[in-house]
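Architecture at a glance
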Amino acid sequence: MQRILYRLTGGIEIAYVIRRVERNQRSTSKGECPWSIRQTGVYQKLTYPHDGSPSSSVFILIAPSHTVENEVSLCLSGSEFEGEVMTPHFSVHERLISDSLGSWMDYMAWLESECKQKADRLIVWDVEDRDKHMTYFKVEDRQRLKQLRDYITDLIVVLQTAVNTIGRIGKSCQRHCKMSCAARDDCFCNSMIGEFVEYETEARVYLERAKVLQERVQSTEQLVVDGQLTDLLSFEETRALKQLARASHVETKALKELAQTSQEESHHLAELASCWSGLPPHHHCSGAFHWLTLKWGKRRWDC
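Per an unreviewed UniProt entry, the protein carries the name dna, SC011 and comes from Aspergillus oryzae.

Here you go:
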């Protein structure tokens, strides 16, 4: 909703775009959104003649809803508020704003329901089992979360602009009252200004609720990211443990081979010592002409 206010000599021009949300006829079987955001362009020119005659308005409405068309027709005919200064000047704005705020609560209830469905699927997500990851929270679920986040972001922008626009329309109504109702006793401006204040408060409530929805979606997305990070860390930890086990196995095998070699050498030395101890004393120092031959575990000596 956008608004531009122009102050003219002897008059005021008001222009803005007001948005509303309506149910469409699309099927939701393929994830289509059953709601559509519509917009209406509004232009008004208020003139205040110098001869003291009543002020007049020129309205241009682009693509209003059927409800607004019917109510504005009644408003402009003067049948409902004949004799009131506010007819039809700001009554048209009041009906446009009332119609634009009518369905936002239902739309946010649908968004909240969609977010809750994804959050419930994530609660039963087993971070220890990769197969269950794919069962409970798939790529389509993450894409749906992003889509819902985009819907809520657009909603916040629309409602924030609505709050600002409604407040400015109320101020324009106050200026109109000062220029047109100074000498009148039957002014209903305060009642209309009060309506705009209530609409602004209502739009602020919707805005705060939309921000809560945004935080809920962001927290759900963060849980998904944390789950993926936990899964990645678990994978890296498992791979590191496997590498450590492989290195330990190689080291154990090397130590086992070394122990076996050492045992064989000890056995050979024991046999050599046994053979050496069985020779006569003069053979211990026989020089180069005596030698000891050990073969296949049997003792034999030649002199």
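Quick word on empty space enclosed by the protein
Per the stated rule, a full pass over the model turns up 1 cavity of 30 Å³ or more. Counted as a void, the largest cavity has a volume near 50 Å³. For the largest cavity, the full set of lining residues is Ile18, Arg19, Arg20, Thr40, Pro64, Ser65, Val68, Leu96, Asp99 and Ser100. Where the lining of the largest cavity is concerned, the elements lending two or more residues are strand S2 (11–23) and helix H2 (91–100). Counted by class, the lining of the largest cavity contains 4 nonpolar, 3 polar and 3 charged residues.

Focus on the nonpolar core
With 49 residues, the main nonpolar core has Trp104, Tyr107 and Leu111 as its most contacted residues. When contributions to this core are tallied by element, the ones reaching two or more residues are S2, strand S3 (35–47), helix H1 (66–77), H2, helix H3 (104–123), helix H5 (139–180) and helix H6 (189–277). Considering each element in turn, this core owes the most residues, 13 residues, to H5.

Some points on the environment of Gln147
When you line up the elements, Gln147 lands in helix H5. Its relative accessible area of 30% is what places Gln147 among the partly exposed residues. Spatially, the C-alpha atom of Gln147 lies 9.9 Å from that of Cys33, the residues being 114 residues apart in sequence.

Calculation criteria
Residues numbered from 1 in each chain as written. Predicted model: local features only at pLDDT ≥ 70, side-chain atom pairs only at ≥ 80, totals over all residues. Heavy atoms only, no water. 1 Å grid on protein atoms, 1.4 Å probe; cavity = no way out; pocket = protein on both sides within 12 Å on 5 of 7 lines; lining within 4 Å. Points joined across faces, edges and corners; volume = space filled by probe spheres on them. Helix = DSSP H or I, 4+ residues; strand = E, 2+ residues; numbered from the N terminus. Nonpolar A, V, L, I, M, F, W, Y, C, P; charged D, E, K, R; others polar. Core = buried A, V, L, I, M, F, W, Y, C linked by side-chain atoms within 4.5 Å. Buried < 20%, exposed > 50% of the residue type's maximum accessible area, 1.4 Å probe, protein only.

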